[in-house]
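In case you want the letters, here they are:
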Amino acid sequence: MFGEIFGAWVAVFLTFAIFSFLYKDNPFYKIAEHIFVGVSAGYWTSMFFWTQIQPNLFGRLWPSAQYSDGFWYGIYNFFGMISSSIFPEGGIDKGHDMHLTYLIPFALGIMMLLSLFKKLSWFARWGIAYTVGMAAGLRAYGYLNSNVLGQIRGTIIPLADPDLPMFSLLGASHFNNLIILVGTVTGLLYFFFSKEHKGNFGKVTRVGIYFLMISFGASFGFAVMGRISLLIGRFVELITYSSAQYHHATLWVLVIMVGLLGYSAYNDKDNPETEGS
Amino acid sequence: MKYISDLILKMSSVDRRWIFLVIALSVILPLYFPLGLPIRPTPTTQQVYDTIDALPHGSKILVSCEYGPSTKPEIHPMVLSVLRHLFKNEHKVYVTCLWPDGQFLASEALDLVGRDEYGLTYGEDYVLLGFRPGNEAVVKGIVSDIRKLYTIDAKGTKVTEIPMMNGVNRFEDFDFLFSASAGYPGTIEWVQYAADPTNVPMSTGTTSIQVNEVMPYVAAGQVQGILAGMPGAAEYEALIGVPGIGTSGMDAQSIAHLVIVLFIVLGNVGYLIERNRSKKY
């Protein structure tokens, strides 16, 4: 119970500390910002290590299923003396068989870490080259199949289907299909730069710009909606933590923080250097 | 008339901190005093519901959680609602995460809905396979051989010892995918590397900001419907008849949007008045 209440107070403090930036940059915001960056980095590192490197890399190099007294597991036992939680006695039991080919990604990973040392930083290029090459190969296929072919297929729609209504607000209709056709063609023509956007061609590409602007407007609307949703989420938690169960954490933290910021502003009012900072 | 113009000009040059305060009040007040505005499902939300509802009982469903605490208010209510729908229809639920922080949120959702509300058994009715780093490479791995990628689940249990993993070797062994996505990697990667190449049907729930990006896949039939941000979550809650945080946030959402629109109009009117005056003089 203490842990839950303490967590609520921390959550309330951090929320108000971040919100306080809306008033002006201040030490509360700086504290929250630094904690966020540090905790995120720590959490991600820990998750990556314990979900991938330890079970899937070390687990394949030194699996418990093939444990022996040979040289290879001698190295493992040496590491085990340094950290028995990462290298437990008798090999790593994560359901893998031994795959020494995993020494290659292990080496590439270490080479990437060498970028921290100026003289050896060129080693990192090998790891980066592998990552970039693999990602480019993977994405080329995915984009071609889903974004090019799939989207072209999606815009090949009947313009004279007798089953479709003339107008429909949300579903398929002759009018909506015509809009898709005109929007797709004019939008694509806008990005055709081999011909100057003048005359009739210019008028057509202008229609394309209008379609693009509508799309940007919709994106802006959705972005606003998303930010308000996140604000609602924080406020719901602040309201929850304002109850007696959490010793009115929201009210106390708000009063103390506003008081301190007000006191600081009062002290700084005659100091032009801190004004607006 | 001049008085009104002056007032609008004065308001459009107001300190931005007053605007923050008004937005904050427009969100807080409806949370304390709900208006009960009606929630009607949009066709894309209805499509998600209908697709899931049409799956035969006992289907194997993959739910992928690609979100974190920063997007929890939008995505988590969707995950809870979809899980309720899936468990109600007695489906087997397998949960993976492409984001590291998705794992503890998925665990929270499964404990709340699967264990506490439906009294289901971990490993027999639902399993949390957990997070694996690698972005689209993880999706490719699940498509080709899920057992190579996941030898253990999020609790460290070997997948060979989990009863509901019998017969699940690759993505095509699932009947449906629901991707709860807040960005990269997420819905788009699932479409590109899993759903499109294998023809396994998928639906998605995304943050509002992602909707425009994902909507073309929905329109082209590559994704079966989309839950669009918090309103999508609220609509799904209405469809399954279990109101949650999505529903309670909709009044605040509507009022805040109204206030923002008013500010935009006010700002533009102020700009036009100022432009006209500068032309005159």
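Throughout, a residue's number is its position along its own chain's written sequence, starting from 1. Chain letters and ligand numbers both follow the written order, the letters beginning at A and the numbers at 1. Where local features are concerned, this predicted model is filtered to residues with pLDDT of at least 70; where side-chain atom pairs are given and counted, the filter is 80 or more; whole-chain, interface and lining totals use all residues.

A. Spatial organisation of the overall build of chain A. Within chain A one finds 8 helices and 0 strands. Secondary structure elements are taken from DSSP: a helix is a run of H or I of four residues or more, a strand is a run of E of two residues or more, and numbering for both begins at the N terminus. Mapped in sequence order, the helices and strands of chain A form the string α-α-α-α-α-α-α-α. Computation of the radius of gyration draws on C-alpha atoms, with the globule rule given as 2.2 Å multiplied by the number of residues to the power 0.38. Over its C-alpha atoms chain A spans a radius of gyration of 30 Å, topping by over 25% the 19 Å that the globule rule assigns to 277 residues. With the C-alpha coordinates aligned to their principal axes, the bounding extent of chain A is approximately 80 × 65 × 45 Å. Each residue is classified by how many other C-beta atoms fall within 10 Å of its C-beta atom, where C-beta atoms are placed from the backbone; a count of 20 or more means buried, 12 or fewer means exposed, and values in between mean partly exposed. When each of the 277 residues of chain A is scored for burial, the buried share is 13%. Whether two residues are in contact is decided by their C-beta atoms, placed from the backbone, lying within 7 Å. Of all intrachain contacts in chain A linking residues separated by at least 6 positions in sequence, the fraction that spans at least 24 positions is 45%.

B. Representation of the overall build of chain B within the structure. A tally of helices and strands in chain B yields 10 helices and 6 strands. Dimensions of chain B, computed from the C-alpha atoms along their principal axes, are close to 80 × 35 × 30 Å. For chain B, buried positions account for 48% of its 281 residues. Once local pairs closer than 6 in sequence are excluded, the contacts in chain B between residues at least 24 apart make up 74%.

C. Local environment of unusual backbone geometry. Residues and elements named next belong to chain B. Omega for the peptide link from Y184 to P185 comes to -10°, which places this bond in the cis form. Relative to the elements of secondary structure, P185 occurs in the loop between strand 4 (176-181) and helix 7 (187-198). Positive phi, normally seen in glycine, also occurs at N135, with a value near 55°. Position of N135 relative to the elements: it lies in the loop between strand 3 (126-131) and helix 6 (136-149). Judged by the 18 C-beta atoms lying within 10 Å of it, N135 is partly exposed. At N199, a residue that is not glycine, the phi angle is positive and equals roughly 65°. One can find N199 in the loop between helix 7 and strand 5 (202-206).

D. Representation of the interface of chain B and chain A. Contacts between the two partners involve 45 residues from chain B and, on the opposite side, 40 residues from chain A. Put simply, the parts of the chain that give the side of chain B that touches chain A at least two residues each are helix 2 (16-32), helix 4 (72-88), strand 3, helix 6, helix 7, helix 8 (211-219), helix 9 (229-240) and helix 10 (245-280) of chain B. It is helix 10 of chain B that contributes the most residues to the side of chain B that touches chain A, 7 residues altogether. When its residues are assigned to classes, the side of chain B that touches chain A shows 24 nonpolar, 13 polar and 8 charged. Note on residue categories: nonpolar means Ala, Val, Leu, Ile, Met, Phe, Trp, Tyr, Cys or Pro, charged means Asp, Glu, Lys or Arg, and polar means any other residue, Gly included.

E. Spotlight on the packing of helix 1 (residues 2-12) of chain B against helix 10 of chain B. All names here are of chain B. Closest axis-to-axis distance for the helix 1/helix 10 pair is 9 Å, and the angle between their directions is 120°. On the basis of their axis angle, the class for helix 1 and helix 10 is oblique. At the point where helix 1 passes helix 10, the crossing takes the left-handed sense. In contact with S5, I8, L9, M11 and S12 of helix 1, helix 10 contributes L266, G267, V269, G270, I273 and E274. In terms of residue class, the contact of helix 1 with helix 10 is built from 6 nonpolar, 4 polar and 1 charged. Axis lines are fitted through C-alpha atoms, for helices just across the contact stretch, and the angle between N-to-C directions can take any value from 0 to 180 degrees. In this scheme, roughly parallel covers angles under 35 degrees and roughly antiparallel covers those over 145, while 65 to 115 is roughly perpendicular and the rest are oblique. Definitions for this section: a left-handed crossing has its near helix turned counterclockwise from the far helix by less than a right angle. A right-handed crossing has that turn clockwise.

F. The arrangement of the environment of I142 of chain B in detail. All names here are of chain B. Tracing the backbone shows I142 in helix 6. The buried category is assigned to I142, around which 27 C-beta atoms lie within 10 Å. Here the alpha-carbon distance between I142 and A233, two residues 91 residues apart in the chain, equals 27 Å. With residues up to four places along the chain from it excluded, the contact list for I142 reads T96, L149, F171 and A194.

G. Expanded view of helix 5 (residues 124-155) of chain A. Each residue after the first adds 1.5 Å to the expected span of a helix. Helix length check: helix 5 of chain A, at 32 residues, gives a terminal C-alpha distance of 44 Å against a target of 46 Å (1.5 Å per residue), a fit within 8%. When helix 5 of chain A is considered as a whole, its buried residues turn out to be G142, S146 and G150 of chain A. On its buried face, helix 5 of chain A is in contact with helix 6 and helix 7 of chain B.

H. A look at the nonpolar core. All names here are of chain B. Nonpolar cores are built from buried Ala, Val, Leu, Ile, Met, Phe, Trp, Tyr and Cys residues. These are joined into a set through C-beta atoms within 7 Å. The biggest cluster of nonpolar side chains holds 93 residues, and the ones touching the most others in it are I61, V63, C65, V79, L83, V95 and L177. Element by element, the count of residues in this core is highest for helix 4, at 8 residues. Domain start and stop positions are those given by an automatic or database domain assignment. Mapping this core onto the domain boundaries places at least three of its residues in each of domain 1 (2-33 + 250-280) and domain 2 (43-243). Once residues lying within four places of it in the same chain are set aside, the contact partners of V79 are C65, A109 and A180.

I. How the structure looks around the packing of helix 6 of chain B against helix 7 of chain B. Residues and elements named next belong to chain B. Where helix 6 meets helix 7, the axes come as close as 8 Å, and the angle between the chain directions of the two elements is 20°. On the basis of the axis angle, helix 6 is roughly parallel to helix 7. Once helix 6 is placed against helix 7, the crossing between them reads as right-handed. Together, E136, V139, K140, I142 and V143 of helix 6 and E189, W190, Y193, A194, P197 and T198 of helix 7 make up the contact between the two elements. Of the residues that constitute the contact of helix 6 with helix 7, the class distribution is 7 nonpolar, 1 polar and 3 charged.

J. Spatial organisation of the environment of G127 of chain A. All names here are of chain A. Assignment of secondary structure puts G127 in helix 5. Overall, the presence of 19 C-beta atoms within 10 Å leaves G127 in the partly exposed class. Residues G127 and D268, 141 residues apart in the sequence, show an inter-C-alpha distance of 52 Å.

K. Inspection of the domain arrangement of chain B at higher detail. If you check the domain split of chain B, you get domain 1 (2-33 + 250-280) and domain 2 (43-243). Distance between the C-alpha centres of domain 1 of chain B and domain 2 of chain B: 40 Å.

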